Amino acid sequence: MSTVAGPGMVVSAEQRKRARNVGFAYLVLAMVCFFVFTRRPGDAGFKISETSQFTLPAQGFGWALGIVLVAIAAAQLLRGLGKLSNVVLALATAAFFMSFLAWAAAGDSFSFVGMLQDTVSRSVPITLGAIGGILSERSGVINISIEGMLLAAACTSAIAASLTNLWLGTLVGVLTGMALAAVLAVMSIRYKVDQVIVGFAINFFALGITSFISFRVLVPNRDTMNNLLPVMPIRIPVLADIPFFGGIFFDQTIFVYFSFLAVAVTTWGLYRTKWGLRTRAIGEYPKAAGTLGVDVNKLRYRNLLLAGGVAGIGGAWWPIGIVGRFDQNITNGRGFIALAAVIFGRWHPVGALCGALVFALSEAVRLKIGNFDTGIPSEFLIMAPYVVTIIVVAGFIGASRAPKAAGQPYEDQ
Amino acid sequence: MKFELRGITKRFPGIVANDQVSLSISTGEVLALIGENGAGKSTLMNVLYGIYRPDEGELMVDGKPIHFSSPADAIAAGIGMVHQHFMLVPVMTVAENVVLGVEPTGRLGSLDIAEARRMVREVSDKYKLELDPDAVIEDLPVGVRQRVEIVKVLMRDAQIVVFDEPTAVLTPSEILEFFEIVRTLVGAGRGVIFITHKLKEALTIADRINVLRRGKVVGETAPSATNEDEIAEMMVGRAVQLVVDKHSAKPGDVMLAVRDLTVVEPDGRTVVDGVSFEVRRGEIVGVAGVQGNGQTELVEAIAGLRRAAGGSVTLAGRDITGDSPRERHVAGMAHIPEDRQKQGLVVDMSIVENLVLTRYHDPEFSSGVRMNWAGAKEKAAAMVAAYDIRTTDPSQAASTLSGGNQQKVIVARELSRDIKVAVAAQPTRGIDVGSIEYVHAQMVKERDNGVAMLVVSTELDEVMALSDRVLVMYRGKIVADLDPRTVSHMDVGLYMAGSRPTAVSS
């Protein structure tokens, strides 16, 4: 630490440390390749359509990847990869993932395309929850009650859809999300209560009330109040016939299409409209907007309600989009994963979608891997997505910048 | 257009911030509103800008009464405000900031950013402000940010432009540019209200001067009819010594030696770049420089708040480079930090607690785990008396004190013990003339007692008046080592702007 770096090559201690950590991470991955991925003999079959598949020799792939990873680690540790770092990281991660699948499925085969299709489907509530989070936090309100909004909306939409139809069910989910968002809004904007505490209260309230409804109302009336036929996938003509990708993206339910649309519209809205400019301004420096005549708190109310509505659709996905009923705590922390996706995506809708896909993928993998006899205890498989989250967010994404005013009430004077 | 405030009174619990204040401003003139911190200038401007509603009195435009219930009303009436703390969103571009609230839109509420750019260019060209619409605010120097604020105001067609302490953050050359801009605005038929506590500037630019003290207008004058001493007396209510009274220094042994000190930010920027200097017993060394040239980081590295990437700091012959702030404190270093509310004080704690904050572990104030509050109170009472801290009750929170008195608390705490070296960053920023006089006198007194004093300030006047030697810092380096008795303000200003070759003699 005592050397003075010359101009041009000055690198802070933090940057050097980071480069070193990434280098060591490659070495760890290489060790996993050598000592784990080469242990199961046989070829793994990856089905990429009803009729075709490609095979990877699990052991050979593991050895080859391990050697490549050692080389990358050496390059990283010795001279750094510079501009290529992120590309290399993405490719290495993808290859490592394939090697892991090959190891798990060695001597057997599984539907690779089915797993990815499942991933896209499962990303819906995470994506929509994340958009709710982005809308709130970009406006300057921390919203950890996404989980509660998802859960409550899942419950009410299941009941409403069972009693009436799927459209009305979804609408009730939206209204439920908005109602909870209204509570958060009034408490945090008008009464300036700590936003994290209100969020927690909403989450526990949602968990408590839906558990109660589940036991006392839905279980006794299972057939009439908690029994519905979820929506069917809609095949988009032409696009769905694209080999491999068609099935993954264009043979999905309306929820999937809606979540993609929501990402596109939110991105356009935030960066290309008057509303977006004002929203970003009140999340970063509300006083600047306030002194120019923008009604900061009114816009926060509106955006929070919108966030609740979007999260409500995310909640309705469980009963109406996939399962066909409500179970106690059916969301099981997906709302919190959505917040991780917000951070992963640096408060940008497209980034959050990528985060949601990563988390959904780890879930889909867990469900597939469970079918193979890998010797990994199922508890560890369930843990994996969260471990991935921590490593990704802490190790590779690094410090990302939240909207500056998030969490601070605005004084109107 | 003529804008008037008639008999404005605004009360807050416990104080009358504005007491029957009347003033008027017409387009085509510059009115300077001068007064100490806490005199009620900001309250008055918030009334004028629709943020506060007055309890009594009225606002008139061309003789007709008008009511503002929000800044939007004031903007609509032709009032524009350039706030002291710029109201700019740091992560957005110039164009985005300028059109916020009056966005040009296309179909479906989409933002017409091309039109926004054009609007910025148009105003910028008209008033020669030279702004790039696509630059991101956080990358811009302070002087340019101020021009963005000016464009914002002009774009909303303000007839009267209010500048709240506009020069506080500018370099001497930027101040001159700013005055040019003010003249251009007035020439184009706008009226300017210029709020300041700097007497020279008011005398330079204003057509008329109103002096505010304790919420009242205590004087109205014109630059041609008055001088600095007279205005200072009106502001404070008594005669004030504007120059620092001191004998020439008798430097002794080196007490603080900084060698090749380098500080690197987490993002890799070198903010202090191989800085070396010495401060001797019995002298005040001033560091001049425009804000953001590494002074903050230099002070933090010397005080132990930031790790040096290279070089050393020696206190009375002992290498303290790796020492903690506490170890430095015990070794005899005092530190008056730049931001008194964030670093110097715990504003929600009492004055007594703040006065013993760095010495609670002293046997005088504690034994084992127990605090000796009686001893602390006694000592605090003595310091309150000795350092003229204006308070009725030292057990009240430090936040109840005025800025000047808060600063006196820090000065008392840091200088009232046996020290070898004192490092003071912006020791008089934002405090009133009377308190400045007092703080300066205390620093000179400590110097004469044999303390080595390092003063970092962005106020060139302060550095020149207080220091026995002046170092100029530019882009992380010391670029000049000057004698304040023989060098002119203008020359130092040129070094500060980096437009002079290095002149470091050792």
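Some words on the overall build of chain A
When you go through chain A residue by residue, the secondary structure sums to 16 helices and five strands. In summary, chain A has a C-alpha radius of gyration of 23 Å against a globular reference of 22 Å for 413 residues, a match within 12%. Principal-axis analysis of the C-alpha atoms gives chain A an extent of 65 × 60 × 40 Å. A sequence separation of at least 24 residues applies to 76% of the contacts in chain A between residues at least 6 apart. With the model as given, the accessible surface of chain A reaches about 19,200 Å², and the carbon-plus-sulfur share is 67%. Charged side chains in chain A number 31 positive and 19 negative. The centres of these two groups are separated by 10 Å.

Observations regarding the overall build of chain B
If you tally the helices and strands in chain B, you get 17 helices and 22 strands. Computed over its C-alpha atoms, the radius of gyration of chain B comes to 24 Å, within 12% of the 23 Å expected for a compact globule of 506 residues. In terms of its C-alpha atoms, chain B occupies a principal-axis envelope of roughly 65 × 50 × 50 Å. Burial status across chain B gives 55% buried among its 506 residues. Each charge sign in chain B was given a centre, from 56 positive and 69 negative side chains, and these centres are 2 Å apart.

So, the sheet that holds strand β20 (residues 452-456) of chain B
Residues and elements named next belong to chain B. On the basis of which strands lie adjacent, the open sheet formed by six strands has the order β16-β19-β20-β13-β21-β22 and mixed pairing. The sheet terminates laterally at β16 (333-336) and β22 (477-482), the two strands that pair on one side only. Between one strand axis and the next, the sheet turns by 20 degrees as a mean value, whatever way the strands run. As paired elements, strand β19 (residues 421-425) and β20 share five bridges and run parallel to each other. Paired with V421 across the strands is A452, a residue of β20. Contacts from helix α9 (residues 295-303) reach β13 (284-288), β16, β19, β20 and β21 (469-474), with the element oriented near 150 degrees to β16. The sheet contacts of helix α14 (residues 403-415) involve β16 and β19, and relative to β16 the element is tilted by about 175 degrees.

Brief notes about the domain arrangement of chain A
All names here are of chain A. Each assigned domain of chain A is listed here: domain 1 (13-107) and domain 2 (121-396). On a C-alpha basis, the centroid separation for the pair domain 1 and domain 2 is 32 Å. Considering only the side of domain 1, the residues that lose the most area to domain 2 are R18, F97 and A104, jointly responsible for 33% of the buried surface there. Summed over the shared surface of domain 1 and domain 2, the number is zero salt bridges. Linking domain 1 to domain 2 there are one residue pair in polar contact (both at pLDDT 80 or more). Counting only elements with at least two residues in the side of domain 1 that touches domain 2, the list comes to α1 (13-37) and α3 (85-104). Across the side of domain 1 that touches domain 2, the residue classes tally to 10 nonpolar, no polar and two charged.

Quick look at the domain arrangement of chain B
All names here are of chain B. Here the domain parsing of chain B yields domain 1 (2-236) and domain 2 (254-341 + 417-504). Placing a centre on the C-alpha atoms of domain 1 and another on those of domain 2 gives a separation of 33 Å. Taken together, the contacts link 11 residues of domain 1 with 14 residues of domain 2. Carbon and sulfur atoms supply 63% of the area buried between domain 1 and domain 2, which totals about 930 Å² over both sides. Three residues, E36, N37 and P172, lead the burial of domain 1 against domain 2; their summed loss comes to 35% of the area buried on that side. Put simply, domain 1 and domain 2 have two salt bridges between them. K200 is the salt-bridge partner of D461, the closest N and O atoms lying 3.7 Å from each other. For the interface between domain 1 and domain 2, the tally reads zero residue pairs in polar contact (both at pLDDT 80 or more).

A short note on empty space enclosed by the protein
Over the atoms, a rolled probe matching the size of one water molecule traces out where space is still vacant. For the structure on display, the rule yields five cavities of 30 Å³ or more. Along the wall of the largest cavity there are 14 residues; nearest its centre are L292 of chain A together with Y49, M81, V153 and R156 of chain B. The set of elements that each furnish at least two residues to the lining of the largest cavity consists of β6 (79-82) and α5 (142-155) of chain B. A class-by-class count of the residues in the lining of the largest cavity yields eight nonpolar, three polar and three charged. Counted as a void, the second largest cavity has a volume near 60 Å³. Residues that form the lining of the second largest cavity fall into these classes: five nonpolar, four polar and no charged. Each of domain 1 (2-236) and domain 2 (254-341 + 417-504) of chain B gives at least three residues to the lining of the second largest cavity.

What about the side chain of Q406 of chain B?
All names here are of chain B. Inspection of the secondary structure assignment puts Q406 in helix α14. For Q406, a relative accessible area of 2% puts it in the buried group. A distance of 3.0 Å separates a polar atom in the side chain of Q406 from a polar atom in the side chain of Q341. The contact partners of Q406, leaving out residues within four places of it in the chain, are R340, Q341, L345, A398, S399 and L401.

Section: the environment of A39 of chain B
The residue A39 of chain B is located in the loop between β3 (30-35) and α1 (41-48) in this model. Its relative accessible area of 4% is what places A39 of chain B among the buried residues.

Some points on the pairing of β22 of chain B
All names here are of chain B. With respect to burial, β22 is a largely interior element, five of its six residues being buried. As paired strands, β21 and β22 are joined by five bridges and run antiparallel to one another. Paired with Y474 across the strands is K477, a residue of β22. With antiparallel pairing between neighbouring strands as the criterion, β21 and β22 make up a hairpin whose turn holds two residues, including R475 at a positive phi of roughly 50 degrees.

Quick word on the interface of chain B and chain A
Taken together, the contacts link 39 residues of chain B with 28 residues of chain A. Carbon and sulfur atoms supply 64% of the area buried between chain B and chain A, which totals about 2,700 Å² over both sides. Remark: the boundary between chain B and chain A carries two salt bridges. Linking chain B to chain A there are six residue pairs in polar contact (both at pLDDT 80 or more). Elements represented by at least two residues in the side of chain B that touches chain A include exactly α2 (71-76), α3 (94-99) and β11 (254-264) of chain B. Per-class residue counts for the side of chain B that touches chain A are 20 nonpolar, 11 polar and eight charged.

What about a nonpolar patch on the surface?
Residues and elements named next belong to chain A. Taken together, the side chains of V183, V186, M187, Y191 and V193 define a hydrophobic patch exposed on the protein surface, amounting to about 400 Å² of accessible area. Residue position: Y191 is located in the loop between α6 (166-190) and α7 (195-218). Exposure remark for Y191: the relative accessible area of 51% places this residue in the exposed category.

Comments concerning the nonpolar core
Within the largest apolar cluster, 97 residues are counted, with the highest numbers of intra-cluster contacts made by Y26, F46, L69, L101 and M115 of chain A. Take this core: its biggest share by element is 12 residues, from helix α4 (residues 112-138) of chain A. Inspection of this core shows a minimum of three residues originating in each of domain 1 (13-107) and domain 2 (121-396) of chain A. Non-local contacts of Y26 of chain A, meaning those with residues more than four positions away in its chain, are made with L69, I72, A73, Q76, S85, V88, L89 and A92 of chain A. Grouped together as the second largest cluster of nonpolar side chains are 68 residues, M92, M119, V186 and I205 of chain B included.

A short note on the confidence of the model for chain A
In low-pLDDT regions, the fine details of the predicted coordinates are not to be read closely. Mean pLDDT over chain A: 89, with 94% of residues reaching 70 or higher. Under a pLDDT of 50 for its full length, residues 1-10 of chain A has, in the predicted model, 13 contacts with residues more than four places off or in other chains.

Thresholds, definitions, all that
- In this numbering scheme, every chain counts its residues from 1 along its sequence in written order.
- Each chain takes a letter, starting from A, and each ligand takes a number, starting from 1, following the order in which they are written.
- Local features in this predicted model are restricted to residues of pLDDT 70 or higher, and side-chain atom pairs are both shown and tallied only at a pLDDT of 80 or more, whereas totals for entire chains, interfaces and linings draw on every residue.
- The basis for every side-chain value is the complete set of heavy atoms in the structure, and neither hydrogens nor water enter the calculation.
- For helices the rule is a DSSP run of H or I covering at least 4 residues; for strands it is a run of E covering at least 2, with both sets numbered from the N terminus onward.
- Here the globule rule is a power law, 2.2 Å times the number of residues to the power 0.38, and the radius of gyration is based on C-alpha atoms.
- By definition, residues are in contact when any of their heavy atoms lie within 4.5 Å.
- Surface accessibility follows the Shrake-Rupley procedure with a 1.4 Å probe radius. Residue values consider only the protein chains on display as shielding.
- We count Lys and Arg on the positive side and Asp and Glu on the negative side, and we leave His and both chain ends out.
- Charge positions are represented by NZ for Lys, CZ for Arg, CG for Asp and CD for Glu.
- Burial here depends on accessible area, computed with a 1.4 Å probe over protein chains only, as a share of the maximum for the residue type. Under 20% is buried, over 50% is exposed, and the range in between is partly exposed.
- Whether two strands pair comes down to DSSP finding at least two bridges between them.
- Interaxial angle, 0 to 180 degrees, is taken between N-to-C directions of lines fitted to C-alpha atoms, where a helix line uses only the stretch in contact.
- Each domain span listed reflects an automatic or database assignment of domains.
- Computed with a 1.4 Å rolling probe, the buried area is the accessible surface lost when two parts are put together, summed over both parts.
- Salt bridge, as applied in this entry: a Lys or Arg side-chain nitrogen positioned within 4 Å of an Asp or Glu carboxyl oxygen.
- For this analysis, a polar contact is any N or O atom pair within 3.5 Å, provided that within protein one partner can donate a hydrogen and the other can accept it, and provided that sequence-adjacent residues contribute only side-chain to side-chain pairs.
- Polar here means any residue other than Ala, Val, Leu, Ile, Met, Phe, Trp, Tyr, Cys and Pro, which are nonpolar, and Asp, Glu, Lys and Arg, which are charged; Gly is therefore polar.
- Points on a 1 Å grid, built from protein atoms alone, make a cavity when a 1.4 Å probe fits but cannot get out and make a pocket when they are open with protein on both sides within 12 Å along at least 5 of 7 lines; residues with an atom within 4 Å of a point are the lining residues.
- Grid points are joined across faces, edges and corners, and a volume is the space filled by probe spheres set on the points.
- A residue counts toward a patch only above 30% relative accessible area and without a salt bridge, and it is joined to like-charged neighbours within 9 Å or, for Val, Leu, Ile, Met, Phe, Trp and Tyr, to nonpolar neighbours within 5 Å.
- What is meant by a nonpolar core is a set of buried Ala, Val, Leu, Ile, Met, Phe, Trp, Tyr and Cys residues, joined one to another through side-chain atoms within 4.5 Å.
- For every residue, the predictor reports its confidence as pLDDT, a number between 0 and 100.

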